[in-house]
Amino acid sequence: MVSEHTEVPDGDVGYENTADPVWAGRALDLYQQRLLQVAAFETDGVVSAQVWGRCPRCGHEIDDQLILTTPVVGNGRGLLAIVTGRGRDKVKIPPMVEAGCGCGRAHPGAPNRPDGSAEAVLGCGVSFYLPTTQPDAPGPCGLRDSS
Ligand SMILES: [Zn+2]
Ligand SMILES: [Zn+2]
């Protein structure tokens, strides 16, 4: 009925669980400008990433800690070792990570947390993909093996 899509005041966007490509595009813009940054690293076979900077949707500061892969323990290493030709349990950092808004604020309309608490979900609900490589650099050492 009423189109309330006027300028959203900073910090007051309603919660929306969205992965619309428009946000991914905006995230990439911010990423190129280094306003939104990604660092992916591997520790003991666990690939994790940190995403920090400005949320492409709500504009708040976000600081996400993401766990991308967990090590395959035991006899799961055989096939991967054959495919990659490596004998070690080398974990690859994926070229893209999925991040979400982790601004730490409850936005209007946010649902309650899935853990059953009465607290609202924090963040504006947007999720987007970001490359783990730096915009103008080949990235951290060890990322050149792209095949
Ligand atoms: Zn926010
Ligand atoms: Zn947000």
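Described below are features of the structure shown in this document. (Residues numbered from 1 in each chain as written. Chains lettered and ligands numbered in written order. Predicted model: local features only at pLDDT ≥ 70, side-chain atom pairs only at ≥ 80, totals over all residues.)

### What to know about the overall build of the chain
Filter applied, for reference: Numbering of helices and strands runs from the N terminus, with a helix taken as a DSSP run of H or I at least four residues long and a strand as a DSSP run of E at least two residues long. Two residues qualify as being in contact provided that their C-beta atoms, derived from the backbone, are within 7 Å of each other.
Broken down by element type, the chain carries two helices and five strands. Ordered by position in the sequence, the α and β elements of the chain form the string α-β-β-β-α-β-β. Long-range contacts, defined here as pairs at least 24 residues apart, represent 62% of the contacts in the chain between residues at least 6 apart.

### Description of the nonpolar core
Worth spelling out the cut-off: A set of buried Ala, Val, Leu, Ile, Met, Phe, Trp, Tyr and Cys residues, joined to one another through C-beta atoms within 7 Å, is what we call a nonpolar core. Exposure in this text rests on C-beta crowding, where 20 or more other C-beta atoms within 10 Å of a residue's own make it buried, 12 or fewer make it exposed, and counts in between make it partly exposed. The C-beta atoms are placed from the backbone.
The biggest cluster of nonpolar side chains holds 23 residues, and the ones touching the most others in it are A27, C55, C101, C124, F128 and L130. The element that contributes the greatest number of residues to this core is helix α1 (residues 21-32), accounting for four residues. Filtering out sequence-adjacent residues up to four positions away, C124 remains in contact with V13, Y15, E16, C55, R57, C58, C101, C103 and H107.

### Section: the pairing of strand β3 (residues 61-69)
Rules: In this description, strands pair whenever DSSP reports at least two bridges between them.
Sheet analysis places strand β2 (residues 46-54) next to β3, joined by eight bridges and oriented antiparallel. The residue bridging G53 from the neighbouring strand is I62, located in β3. Counting the residues between successive antiparallel strands, the hairpin from β2 to β3 contains six residues, one of them, G59, with a positive phi of roughly 80 degrees.

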